[in-house]
Amino acid sequence: MSAIKLEQVTGSDLDLKTALTGARLPTDDIEDQGRTFFKAVSADDRIVGFSGVERCGDDYLLRSVVVLPDRRGSGLGRAVVEATLARVARESDVFLATTSAAPFFTRIGFTEVRRGSVPAAVLATRQLSSICPSSATIMKLIKPPT
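Rules used throughout
- Residues numbered from 1 in each chain as written.
- Predicted model: local features only at pLDDT ≥ 70, side-chain atom pairs only at ≥ 80, totals over all residues.
- Heavy atoms only, no water.
- Salt bridge = Lys/Arg side-chain N within 4 Å of Asp/Glu carboxyl O.
- Buried < 20%, exposed > 50% of the residue type's maximum accessible area, 1.4 Å probe, protein only.
- Pairing = 2+ DSSP bridges.
- Helix = DSSP H or I, 4+ residues; strand = E, 2+ residues; numbered from the N terminus.
- Axes fitted to C-alpha atoms, helices over the stretch in contact; angles between N-to-C directions.
- Contact = heavy atoms within 4.5 Å.
- Arc of directions from axis to C-beta.
- Polar contact = N/O pair within 3.5 Å; in protein donor to acceptor, adjacent residues only side chain to side chain.
- Core = buried A, V, L, I, M, F, W, Y, C linked by side-chain atoms within 4.5 Å.
- 1 Å grid on protein atoms, 1.4 Å probe; cavity = no way out; pocket = protein on both sides within 12 Å on 5 of 7 lines; lining within 4 Å.
- Points joined across faces, edges and corners; volume = space filled by probe spheres on them.
- Nonpolar A, V, L, I, M, F, W, Y, C, P; charged D, E, K, R; others polar.

## Concerning the pattern of salt bridges
Right, so step 1: Evaluation of the coordinates by the stated rule reveals 12 salt bridges.
Right, so step 2: A salt bridge links Glu54 to Arg63; its shortest N-O distance comes to 2.9 Å. Judged on exposure class, the residue Glu54 and its partner Arg63 are both buried.

## A look at the sheet that holds strand S6 (residues 110–112)
Right, so step 1: Pairing within the open sheet is mixed, and its 7 strands lie in the order S1-S2-S3-S4-S5-S7-S6. Looking at which strands have only one partner, the edges of the open sheet turn out to be strand S1 (4–9) and S6. Sheet twist, expressed as the mean angle between neighbouring strand axes with direction ignored, is 30 degrees.
Right, so step 2: By the bridge criterion, 7 bridges tie strand S2 (residues 35–42) to strand S3 (residues 47–56) in an arrangement that is antiparallel. Its bridge partner lying in S3, Val41 is registered against Ile47.
Right, so step 3: Packing of helix H1 (residues 14–22) onto the sheet brings it into contact with S1, S2, S3 and strand S4 (59–67), and relative to S3 it is tilted by some 95 degrees.

## Quick notes on H1
Because an α-helix packs 3.6 residues into every turn, residues spaced three or four apart end up facing the same way.
Right, so step 1: Leu16, Ala19 and Leu20 are the residues of H1 that are buried. With its buried residues spanning 95 degrees around the axis, H1 presents them on a single face. Turned more than 90 degrees off the buried face of H1, the exposed positions are Leu14, Thr18, Thr21 and Gly22.
Right, so step 2: Buried residues in H1 make contact with S1, S2, S3 and S4.
Right, so step 3: Where H1 begins, the capping side chain belongs to Asp13, and its oxygen is found 3.1 Å from the backbone nitrogen of Asp15.
Right, so step 4: Backbone geometry just after H1 places Arg24 at a positive phi near 60 degrees.

## Looking at the nonpolar core
Right, so step 1: Residues Ile4, Leu62, Val81, Val94, Phe105 and Phe110 are the most contacted members of the largest nonpolar core, which totals 24 residues.
Right, so step 2: Elements that contribute at least two residues to this core include exactly S1, S2, S3, S4, helix H2 (76–85), strand S5 (94–98), helix H3 (102–107) and strand S7 (137–141).
Right, so step 3: The element that contributes the greatest number of residues to this core is H2, accounting for 5 residues.
Right, so step 4: Once you skip the residues sitting within four places of it in the chain, Val81 turns out to touch Leu62, Val65, Phe104, Phe105, Ile108 and Phe110.

## Description of the layout of surface pockets
Right, so step 1: Empty space within the largest pocket amounts to approximately 730 Å³.
Right, so step 2: Along the wall of the largest pocket there are 32 residues; nearest its centre are Leu25, Val65, Val66, Ala101 and Phe105.
Right, so step 3: Where the lining of the largest pocket is concerned, the elements lending two or more residues are S4, H2, S5, H3 and helix H5 (126–131).
Right, so step 4: Counting residues per element, the lining of the largest pocket draws most heavily on S4, at 7 residues.
Right, so step 5: Its residues assigned to classes, the lining of the largest pocket shows 17 nonpolar, 9 polar and 6 charged.

## Remarks on the side chain of Thr98
Right, so step 1: Counting through the fold element by element, Thr98 comes out in strand S5.
Right, so step 2: Within the structure, Thr98 has its side chain in polar contact with the backbone nitrogen of Ser100 (distance 3.2 Å).

The values reported here are purely geometric and, on their own, carry no functional implication.
Shown next, in the form of structure tokens:
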């Protein structure tokens, strides 16, 4: 696996929208305030994927993680998530919602949590309050003790 770097993009970025649509991930709210998106670029300056975070008070919602189809299966998904998490304050909790990728996120340190244990600011995001189905799995990053 080659190293990647993240470059910030806006929610209106056409490549971001195309990648999310192609992966059947929601795009309804990506241009709303409070979201930060990144394109993941390989050492040879090729776009390999995208990711995003949404600040929710003291916590974050990890969202819009996608690796382009021709680059899947090479460990880049994990690299994109780890690089994205490095941009989040260490003391913050990180949550996500998924309908199909829980096994992937479990392998990189997330665990399923009950909706009732999720902070109100995270639950109030459009992603969790209206875009994702209520059947989506909500997960929280479990950080090692410091």
